[in-house]
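Inside the fold
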Amino acid sequence: MNYQKLDAALATALNDTQDPEEQSLAVFIHTEQILDSAATAVLESLGVSGVTSGKDIFTATLSANAISQLSEQPWVKYLKRSQQLGLVNQRKSLGSFSV
């Protein structure tokens, strides 16, 4: 595992992972701009969708083992954890505020 390519949130999540084979970590994969066919094949074999020429940022839900494998690839610049976004409750009860 090349921890220099991981952001702090992803490194922490990896340490908390119980099953290294479970695909439970949503990540952004930042790569070199031009990927060769071998790099494309690695990404596709790990289940990364939308791998096309000219893209350099991909998203995927990966296992700890897959992240470790990607972190060792020379064409991967860095890996960043993607946070699950939740809906914000936009309705506020004005009656709950007191002065």
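Structure report, in brief. The numbering scheme is per chain: residues are counted from 1 as the chain's sequence reads. This being a predicted model, a pLDDT of at least 70 is required before a residue's local features are given, and a value of 80 or more before pairs of side-chain atoms are given or counted; all residues contribute to the totals for chains, interfaces and linings. For the side-chain quantities, the full set of heavy atoms in the structure was used; hydrogens and water were omitted.

**A word on the environment of Ser53**
- By definition, any uninterrupted DSSP run of H or I lasting at least four residues is a helix, any uninterrupted run of E lasting at least two residues is a strand, and each is numbered from the N terminus. Inspection of the secondary structure assignment puts Ser53 in the loop between α2 (37–45) and β2 (57–62).
- Through-space distance from the C-alpha of Ser53 to that of Thr40 is 8.7 Å; in sequence the pair is 13 residues apart.

**Quick notes on the sheet that holds β2**
- Pairing between strands is defined by DSSP: at least two bridges between them are needed. Here 3 strands make up an open sheet; going across it, the order is β2-β1-β3 and the pairing antiparallel. At either end of the open sheet lies a strand with only one pairing partner, and these are β2 and β3 (76–81). Pairs of neighbouring strands in the sheet enclose a mean axial angle of 25°, with direction left out of account.
- Note: strand β1 (residues 25–31) against β2, 6 bridges, orientation antiparallel. Here, axes are lines fitted to C-alpha atoms. For helices the fit covers the stretch in contact, and angles between N-to-C directions go from 0 to 180 degrees.

**Digging into helix α1 (residues 8–16)**
- Think of it in three bands: residues with accessible area under 20% of the maximum for their type are buried, residues over 50% are exposed, and the middle band is partly exposed, with areas taken using a 1.4 Å probe on protein chains only. Of all the residues in α1, the buried ones are Leu10, Ala11, Ala13 and Leu14. Seen end-on, α1 carries its buried residues on one side only, within an arc spanning 165°. Among the exposed residues of α1, those oriented more than 90 degrees off its buried face are Ala8, Asn15 and Asp16.
- Here the buried face of α1 lies against β1, α3 (64–71) and β3. In this context, the arc is that of the directions from the helix axis out to the C-beta atoms. By the convention used here, residues are in contact when the closest approach between their heavy atoms is within 4.5 Å.

**Quick look at the pairing of β1**
- Among the 7 residues in β1, 5 count as buried, and that is most of the element.
- Examined bridge by bridge, β1 and β3 share 5 bridges and lie antiparallel to one another. Paired with Phe28 across the two strands is Lys80, which belongs to β3.

**With respect to the nonpolar core**
- Ranked by size, the top nonpolar core spans 24 residues in total, and within it Ile29, Leu43, Leu62, Ile67 and Leu70 carry the most contacts.
- Contributing elements (two or more residues each) for this core: α1, β1, α2, β2, α3 and β3.
- Tallying contributions element by element places α3 first for this core, with 4 residues.
- Once residues lying within four places of it in the same chain are set aside, the contact partners of Leu70 are Ile29, Val42, Leu43, Leu46, Leu62, Trp75, Val76 and Leu79. By nonpolar core is meant a set of buried Ala, Val, Leu, Ile, Met, Phe, Trp, Tyr and Cys residues that side-chain atoms within 4.5 Å join together.

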